[in-house]
Each structure stands twice: as C-alpha cells, then as structure tokens.
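Below are the chains, spelled out letter by letter.
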Amino acid sequence: MKQILVARATLCALMLAAAPAGARLTEINATAVEPFADGHAFGTAGAYERVKGTFKGELDPADPRNQVIVNLDKAPRNAAGRVEYEADFFMLRPADGARGNRKIIYDVTNRGRKNLHWRLTDARLPSPAGANDPRTAQDAGNGLFFRMGYTMVWNGWDPDAPRSNAGLAMKPVIATNGGAPIVRVIRDELQSGTRSPRRETFRLTHEAATLDQTKAKLTVRRNEADPRREIPASGWAYVNAREIRLLSQGAQPEPGSIYEFHYPATNPRVLGIGLAATRDLVSFLRYESADSKGNANPARPGIKAVLAFGSSQSGRYLRDHVAQGFNQDESARKVFDGIMAHTAGVGGVFLNTEFGQPARTSTQHEDRMFPEGAFPFSTARLTDPVTGKTGSVLRNDGFDPLWMETNTSTEYWQKGASLLVTDPLGTRDVELPATARGYLFAGTQHGALAWMGSTPGNCVNPRNPHSPTPAQRALLVALDEWVSEGKAPPASRTPRLKDGTLVAPGELAFPPVPGIAVARRVNEVGVLRDWVKPEMDLLKPYRALVPQVDLDGNETSGILLPDIAVPLGTHTGWNLYKAPFPEGELCDRDGTYKPFPATRAERQAARDPRASLEERYGDHAGYARRVEEAVKRLVAERLLLAEDGAVFVAKAKSEETAMRFAR
C-alpha cells in the first residue's frame, strides 16, 4: 500500500512538473458521470455521457494576458500572490472516447443556459427544463453533433447567472480598495413585461451601499427619447439592498416604461475573470491530461480541435473573447480554432468593467445607453473617423481563430450589423480578411428557432416563425472542415452597398401590406461617453443600414433558405410594440410574418399588393417543385445539409402545406 501511495505521489509530482508554468486551471472535479439518453446510440459515435462538476483556477495579475481584466489588481490574492476562482462546468461526451471525433464544440452559456444541443438540432422539448438539463434523446433533437462524435462543453462565467434549473455560474470575486469596500454611484435601467414577466418589484444589478433614499434617484419615461420624470422619494422604497418597489396607487410598474435608478452601489465583482475562466478551462481540456492533483481531464487527452459557438449574449461574449486577447492562454497556446458568433451584431458584453452588467442587451427601446456596440466593429482592420482609433475584432497576433459571424435580419435593425461589412459611416463596403466570413440569414428574427409560432406576443404584428438553424448546422460543419481540412467555407453572404441590397431605413421599399405596421427607424449606434449619466454622442453617428426588400417585403440578400427563396409569406426582422407597451417603439428583437393570400380573388378583396400563392406557383405541385430546386442549389453551395434539404422537400409536399393552397 505504501508503495502505491509513493508511486501515486511521484506521478502527481511529475504531472505537476510537466504542466506548463502558465497553465492556471489548478483543479477539476467531476462530481457526477451519468448515462445520457439511457444509453441511446448516436450513429457510429455510440452512447453519450453527462459529466458535471466544478473547476478552480488562479490568475497572475502581473501576466500581460491578464492585465486587461478590470480590477484584477484589487481582487483577493492567495499566498502565491494569485487570484483564485471557481466555476461550474457541464459536458456531453461519447461514452467510448475512441468512438468520438476528438473534437470539442464549446457552447457559451447564455445567462447560465445551454443552447447548442437543442436549439441547433431543432429539439422539440416537452418542457423548458429539458433545455438546460439534457437527459433524453429528445433533448438532442436530430442528434447531428452527437452523431458526428463531438464532445460538447459548457461552463459558468457570470457570477450573477441563475443556478436554478441547472444553470451554470461561477463564485463571485469581490474587488476592494485595499480591503475597504468600493462604492460608486451607478445606473440601473428597469422595465416590466418587455423581456420578462410583469413585475411588482425591481431587482437591482448590484448591492446598494446604503438604503438612504436621499442618496438615490428614480426616474421614469414612456419612450426612449422622452424626457425623464423624477419619482419623488415618497413614490418608491427599498425592499432590501438588491430590490426596490413603487409606492404609487396600485404599486405596479407601467408595462414597457423605462425606469432608471441612480444609486450608490458596492462590492463590484471582478467580472472579467469569467473570460479567463473560459480560456483556462478550454485550454486545459485541449492540452492537458490531468490537473496538479491527478484528476483526469474529463474530455480525455488527444483533442484535435476546438470550435466555439455563441448566440446573442454568448455571441457578443465571443467577440470580446477574441478582441480582448483571451484566445491565447498563459502558456501562449491557442484556445479556439474556429468560432461562430451568432446574432451578436457589432456588440460585446457589458462585462469587463467595474460594476458591469452582463445581462444587458441594447435595443432601440431597452438598455440603449449601456456599453455594447463600440469600435472596432468589423473583422476588417479599419480607421474610425469618429474616434480616430484603428483596429479590428481580430488581433492579427497569431492566435486568432477562423471566424464566422452569422446574424438574423433583426441585428441590422437593432444591433448595427451592417457595420460588420461597411466603414463606420456606412459609405462604402469593406472586404473581410480571408480568415473571416459573414452571413445574413434572410427573413429571420433574433431568437428564431424551429417549432416557433407566429403569435404577436407584445408586438402589434404576428411574429416571424422562420428558423435559420438548418443553415447554422451546415455552416458549423463547414467551419469544422475549414479548421480540420483547410477547406474554405462558402463565401460571405451579406447585403452590400454596391448592389443596392444595403440601404438606409428611409429607403426601405416595403410594400403597403394591409394590417402590417412598418418600422421606419433603427437602433442608432453612437459613441457612449458615460453610461451612468448617460450620454451618447450622436452628432456624428455611425450609420447603421438595413437589408433592402423585394415587392413582397422579403429580403433579397444573404442566405435565402427555402422558406424565403420560395416564400409562402412576408418575413421581416422588425416589429413594433402594441398597447399597453409603448406603441411605435421597436418590439425588442422580434420580427413580423404575414402569409400571402391563397388566391387572386382573396388578394384583390384584401387589396394586398403581393401576388397570391395561386398566381405565384399555380398549385401545390408547382410550389413543391420550386422548393426542390432551391434545396438542390443550397446543398450544392454547402449552405444546407442534404438531410435538412430532404426535410424541406417533405414539408413542401406535405398535406399540411397543401392545405395552404386549398383555401
């Protein structure tokens, strides 16, 4: 027994000595390893396992790669002078490692939630709980990434992400001034009912340093551009240091109105550590066999490549990951080989800042005056005539990943996505570097996924159900081929100034479709001088443009999946709020859908300028033939997988679709 213990101690010492000096993940603990989907076999990759646990790391504040982390120098340090952190991780891996493809897809959690395994596989889940705690074959949808043998990885990076419903987070690390609390007046924006259920109280992003109401101020306005009206101290009260409530009659916040709260906050978390924690975890999974305590790498040694995917907040996180230098670990090794950032527009995350608020997402009506869209916008290296700065999202330091940026139509209206492919003033097209691609999924809204309906929700128009996920799957496969085989992916597909497919909002040629309220403005992008006051300089604004449309109101550029190439209706990336929300404001990140009339008589009776199904396709069979032709083109262009093309054709030929022509 003694010999075994000595041998084990010697092995651990050798592993520690062999580990690169900069490898800063110090410990990884798998607290549970369980069968996934009751051992269901996914093609040649076979059965999968769920692995969950925690990992710990430490950061050297003197390392230049860590000095970008705001307030890291004010965080507590251990005896070695380093800052320690701890976070959750989760993994789905082939049960038999030899049957996997030895590649990782890292999916950035969105407010603690997992997305890749179900959103991009068109899973139809019986309950939302399954999305974040995958256990059944149904949670894997069509199983594409399982069948291909990927190991899928998630981790916590935001200490405020909810851990409820299997959410992933990390322990907070608090900054101080030499042990004394940091206190600063900050601003919270508070709304009820727009992006969350209607509220009776408002939760604050940070802890109030005092409950003295004379030190705080609450204002309200109906529309984003309206003047602020102060609510006197008699009209509101603290519930506790993280919550306030109104005291007016009924004490219910007005749905959609913008409440702003200025207050002295304390105990800021060192949020940029989340970027380093992701870097260190993925680097460990990729390069190491065990931690310094002898705990085995749960991804198993021999990883050949790592891809990353992020959507919305998570896509913006990936833009920051690269731009701020986190794709190089402390041992000067590349972290991600290829990245797909989806629905990020030109934004980053309000994370690596003192009193950052990473849950924020800027749109025309909500969170508009918080840091998100700032130069550099594009992967092309440009000089900004507004600020005088020169730069790119890519660093050109030898550690950049191969880069794909995908956006829906909404990001052109709400997230300045046109600035990815134009100069900052929107006067000329720019060419992306050979290592980057950009794609618009035409006719889609921000949160689009399979099985969506078209109910209006908070919006005046029915929402857009068109899903981009079939094209996303094809592009992720192309990204892997780019990384693993050097096979270039499809050329970028975005609207451009040179062919008139990218225009100012006022030049949008949208037809007068009966019953559709039309958006006429975008969420403007400017230089945010101060997020606490707040103040945005729009004297020389960046010029955000939108995709032009055809006579039906459908976009003509980007990737046109069969539902847009051979449409049954009009699909947009914009919508407007309806009462009791602020009418006329852009409705968060929702789009619009309006089906075509079935017959010429129906079109004429409705005074609809769009051709009917009858006039377009003749009959159901004519429509199905056109879909088959569109599918054939998309598959040949590697913008659609053959298996997804077969699904589109089957849907086009289905009895359900035939009923659209029988009215």
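The model shown is predicted, which means the values in this text are computed figures rather than measured ones.

1. Thoughts on the packing of aromatic side chains
Remark: the centre distance and the inter-plane angle together describe each pair of aromatic rings, the angle taken between the planes.
Here's step 1: All chains considered together, the criterion is met by 26 aromatic pairs.
Here's step 2: Taking the centre distance of 4.8 Å and the plane angle of 25 degrees together, the rings of Phe-42 and Phe-146 count as stacked. Here Phe-146 lies in helix 4 (residues 144–147) and Phe-42 lies in the loop between strand 1 (25–36) and strand 2 (48–59), a separation of 104 residues in the sequence.
Here's step 3: Owing to a relative accessible area of 5%, Phe-42 belongs among the buried residues under this scheme.
Here's step 4: Linked through ring pairs, Phe-36, Phe-42, Tyr-48 and Phe-146 together constitute an aromatic cluster.
Here's step 5: The ring of Phe-90 carries the charged tip of Lys-114 above its face, separated from the ring centre by 4.7 Å.
Here's step 6: The ring of Phe-370 is capped by Arg-360, whose NZ or CZ atom sits 4.4 Å from the centre of that ring.

2. Concerning the sheet that holds strand 20 (residues 402–408)
Here's step 1: Reading across from one edge, 1-2-3-5-4-16-17-20-21 is the order of the nine strands in this open sheet, with mixed pairing throughout. Of all strands in the sheet, those with a lone pairing partner are strand 1 and strand 21 (436–441), marking the two edges. Within this sheet the neighbouring strands show an average axis-to-axis angle of 20 degrees, counted without direction.
Here's step 2: Looking at chain direction, strand 4 (residues 103–107) and strand 5 (residues 151–155) are connected through three bridges and run parallel. Note that in strand 5 the partner of Tyr-106 across the bridge is Val-153.
Here's step 3: With respect to the sheet, helix 6 (residues 313–323) is in contact with strand 16 (305–311), strand 17 (338–342) and strand 20, its orientation differing from that of strand 16 by roughly 130 degrees.
Here's step 4: Packing against the sheet, helix 8 (residues 469–485) makes contact with strand 4, strand 16, strand 17, strand 20 and strand 21, and its axis sits at approximately 170 degrees to strand 20.

3. Quick notes on the confidence of the model for the protein
Here's step 1: Across the protein, the average pLDDT comes to 94, with 96% of residues at 70 or higher.
Here's step 2: Note on residues 1–23: pLDDT is under 50 here. Beyond four places in sequence and across chains, it has 15 contacts.

4. Description of the pairing of strand 2
Here's step 1: Strand 2 sits mainly inside the fold: nine of its 12 residues count as buried.
Here's step 2: Across 10 bridges, strand 1 lies against strand 2 in antiparallel orientation. In the sheet register, Glu-27 faces strand 2, and the bridge partner there is Lys-56.
Here's step 3: By the bridge criterion, 12 bridges tie strand 2 to strand 3 (residues 83–94) in an arrangement that is antiparallel. Opposite Glu-49, over in strand 3, you have Arg-93 as the bridge partner.

5. Notes on helix 6
Here's step 1: A large share of helix 6 lies buried, amounting to 10 of its 11 residues.
Here's step 2: Listed as buried for helix 6 are Gln-313, Ser-314, Gly-315, Arg-316, Tyr-317, Leu-318, Arg-319, Asp-320, His-321 and Val-322.
Here's step 3: Considering only its buried residues, helix 6 is in contact with helix 5 (273–287), strand 16, strand 17 and strand 20.

6. Regarding helix 13 (residues 642–653)
One full turn of an α-helix is made of 3.6 residues, so residues set three or four places apart face in the same direction.
Here's step 1: In this model helix 13 runs 17 Å from its N-terminal to its C-terminal C-alpha over 12 residues, within 8% of the 16 Å that 1.5 Å per residue would give.
Here's step 2: The set of residues buried in helix 13 consists of Asp-644, Gly-645, Phe-648, Val-649 and Ala-652. Take helix 13 and look down its axis: the buried residues cluster within an arc of 145 degrees, on one side only.
Here's step 3: Packed against the buried residues of helix 13 are helix 8, helix 9 (562–565), helix 12 (620–636) and helix 14 (655–660).

7. Here we look at empty space enclosed by the protein
Where empty space is left becomes clear once a probe the size of a water molecule has been rolled over the atoms.
Here's step 1: On inspection of all chains with the given rule, the structure shows seven cavities of 30 Å³ or more.
Here's step 2: Along the walls of the largest cavity sit 13 residues, with Glu-405, Leu-420, Val-421, Leu-432 and Gly-438 positioned nearest its centre.
Here's step 3: Those elements that provide at least two residues to the lining of the largest cavity are strand 20 and strand 21.
Here's step 4: Of the residues assigned to the lining of the largest cavity, the class counts are six nonpolar, five polar and two charged.

8. Comments concerning the state of the cysteines
Here's step 1: Evaluation of the coordinates by the stated rule reveals one disulfide.
Here's step 2: Disulfide pairing places Cys-459 opposite Cys-587 at an S-S distance of 2.2 Å. Looking along the S-S bond of the Cys-459-Cys-587 disulfide, the torsion reads about -75 degrees, which is the left-handed sense. Note that Cys-459 is positioned in the loop between strand 21 and helix 8 and Cys-587 in the loop between strand 26 (569–572) and strand 27 (592–595), a separation of 128 residues in sequence.

9. Details of the side chain of Arg-286
Here's step 1: One can find Arg-286 in helix 5.
Here's step 2: A distance of 3.4 Å separates polar atoms of two side chains, one belonging to Arg-286 and the other to Tyr-287.
Here's step 3: Engagement of the side chain of Arg-286 in a polar contact is seen with the side chain of Asp-337, the distance being 2.9 Å.
Here's step 4: Leaving out residues up to four positions away in the same chain, Arg-286 has contacts with Ile-303, Lys-304, Val-306, Lys-334, Val-335, Phe-336 and Asp-337.

10. A short note on the sheet that holds strand 13 (residues 236–240)
Here's step 1: Strand order in the open sheet formed by three strands is 9-14-13, and the pairing between neighbours is antiparallel. Two strands bound the open sheet, and with one partner strand each, they are strand 9 (201–203) and strand 13. On average, adjacent strands in this sheet sit at an angle of 30 degrees to one another, irrespective of strand direction.
Here's step 2: Of the pairings in the sheet, the one linking strand 13 to strand 14 (residues 243–246) comprises four bridges and is antiparallel in character. Directly across from Tyr-238, in strand 14, lies its bridge partner Ile-244.

What counts, and where the lines are drawn
Residues numbered from 1 in each chain as written. Predicted model: local features only at pLDDT ≥ 70, side-chain atom pairs only at ≥ 80, totals over all residues. Heavy atoms only, no water. Phe/Tyr/Trp six-rings, centres within 6.5 Å; stacked < 30°, edge-to-face > 60°. Helix = DSSP H or I, 4+ residues; strand = E, 2+ residues; numbered from the N terminus. Buried < 20%, exposed > 50% of the residue type's maximum accessible area, 1.4 Å probe, protein only. Lys NZ or Arg CZ within 6 Å of the ring centre and 35° of its normal. Pairing = 2+ DSSP bridges. Axes fitted to C-alpha atoms, helices over the stretch in contact; angles between N-to-C directions. Contact = heavy atoms within 4.5 Å. pLDDT = per-residue confidence, 0-100. Expected span 1.5 Å × (residues − 1). Arc of directions from axis to C-beta. 1 Å grid on protein atoms, 1.4 Å probe; cavity = no way out; pocket = protein on both sides within 12 Å on 5 of 7 lines; lining within 4 Å. Points joined across faces, edges and corners; volume = space filled by probe spheres on them. Nonpolar A, V, L, I, M, F, W, Y, C, P; charged D, E, K, R; others polar. Disulfide = S-S within 2.5 Å. Polar contact = N/O pair within 3.5 Å; in protein donor to acceptor, adjacent residues only side chain to side chain.

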